[in-house]
Amino acid sequence: ECLFRGFSGWRRGTYFIWNVYLEAFPDEEGALISRGACKIETADNTGAIVDFDAAIKLNAKNPVSYNYRGVAKGESRQFVEALKDFDYAIKLKYDYAGAFVNRAAVKFASKDKHGACDDLNKADSLGDEMAIQLIETYCKHQWLGINTNARINANIDSYIRARFLIQIKWEPPYLEKPILTLLTA
């Protein structure tokens, strides 16, 4: 629930809640993913990567962990490593639209605009609600042969930041144990 309220005040409270939760249940994959997402929102990408690494050690087959770790690496400008994580998330879940859109953000940042637009089109075909808007904004003129490099380069940082944060809000926390028991104990 906290990830859907990722505004300033809630982020701090959320981060605290995940810390308390992980003290009681240190091997809870969902809590590690959720705390890592909170760390991304507060620009602690190094700490987020540590949480996602721990979640991956617990379950190497969860594409969400790789997607989020790719986001943290993308935010840290580790584009090659981020692409590897998105590729693996897609390998695990071939219809993971969010991973296609996040990979598109990294491809844009890496100046692979054609590959990014291909990923956005794939995400659109998988039902990602924002993909069509992103295609209109960043790809439409590319298909017509019009050079939009200056406009795309001017907006790429805001695009990456907005898309990654939106993706974080789309993913629910995955918990096996109820968090309310910790707060009322």
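Residues numbered from 1 in each chain as written. Predicted model: local features only at pLDDT ≥ 70, side-chain atom pairs only at ≥ 80, totals over all residues. Heavy atoms only, no water.

(A) Focus on the environment of Trp18. Relative to the elements of secondary structure, Trp18 occurs in helix α1 (residues 8-24). You can call Trp18 buried: its relative accessible area is 2%. (Helix = DSSP H or I, 4+ residues; strand = E, 2+ residues; numbered from the N terminus. Buried < 20%, exposed > 50% of the residue type's maximum accessible area, 1.4 Å probe, protein only.)

(B) Examining unusual backbone geometry more closely. In this model, Ala43 sits at a positive phi of 65 degrees, which is unusual for a non-glycine residue. As for its position among the elements, Ala43 is in the loop between α2 (29-41) and α3 (45-58).

(C) Inspection of the environment of Asp51 at higher detail. Of note, Asp51 is situated in helix α3. Among all residues touching Asp51, those that are not within four sequence positions of it are Leu32, Arg35, Gly36 and Lys39. (Contact = heavy atoms within 4.5 Å.)

(D) The nonpolar core, seen in detail. Of all hydrophobic cores here, the largest spans 43 residues; its most connected members are Phe52, Phe108, Leu120 and Cys139. Within the residue set of this core, elements represented by two or more residues are α1, α2, α3, α4 (63-75), α5 (79-92), α6 (97-109), α7 (113-125) and α8 (131-138). Among the elements that make up this core, the one with the highest residue count is α6 (8 residues). If we ignore the near neighbours within four places in the chain, the residues touching Cys139 are Phe108, Cys117, Leu120 and Leu134. (Core = buried A, V, L, I, M, F, W, Y, C linked by side-chain atoms within 4.5 Å.)

(E) Fine view of the pattern of salt bridges. Applying the stated criterion to the full structure yields 10 salt bridges. One salt bridge connects Lys39 with Asp51, and the closest N-O pair in it is separated by 3.1 Å. Taken together, the positions of Lys39 in helix α2 and Asp51 in helix α3 put the pair 12 residues apart, joining distant regions of the chain. The burial state of Lys39 is the same as that of Asp51; both residues are buried. Asp85 is paired through a salt bridge with Arg69; the nearest N and O atoms lie 2.8 Å apart. In this pair, Asp85 sits in helix α5 while Arg69 sits in helix α4, placing the two residues 16 residues apart along the sequence. (Salt bridge = Lys/Arg side-chain N within 4 Å of Asp/Glu carboxyl O.)

(F) Focus on the packing of α6 against α7. For the pair α6 and α7, interaxial distance at closest approach is 8 Å and the crossing angle is 165 degrees. For the element pair α6 / α7, the angle class is roughly antiparallel. α7 is crossed by α6, and the crossing has left-handed handedness. Contacts between α6 and α7 pair Ala97, Phe100, Val101, Arg103, Ala104, Lys107 and Phe108 from the former with Lys113, Gly115, Ala116, Cys117, Asp119, Leu120, Lys122 and Ala123 from the latter. Classifying every residue of the contact of α6 with α7 gives 9 nonpolar, 1 polar and 5 charged. (Axes fitted to C-alpha atoms, helices over the stretch in contact; angles between N-to-C directions. Parallel < 35°, antiparallel > 145°, perpendicular 65-115°, else oblique. Left-handed = near helix turned anticlockwise from the far one by under 90°. Nonpolar A, V, L, I, M, F, W, Y, C, P; charged D, E, K, R; others polar.)

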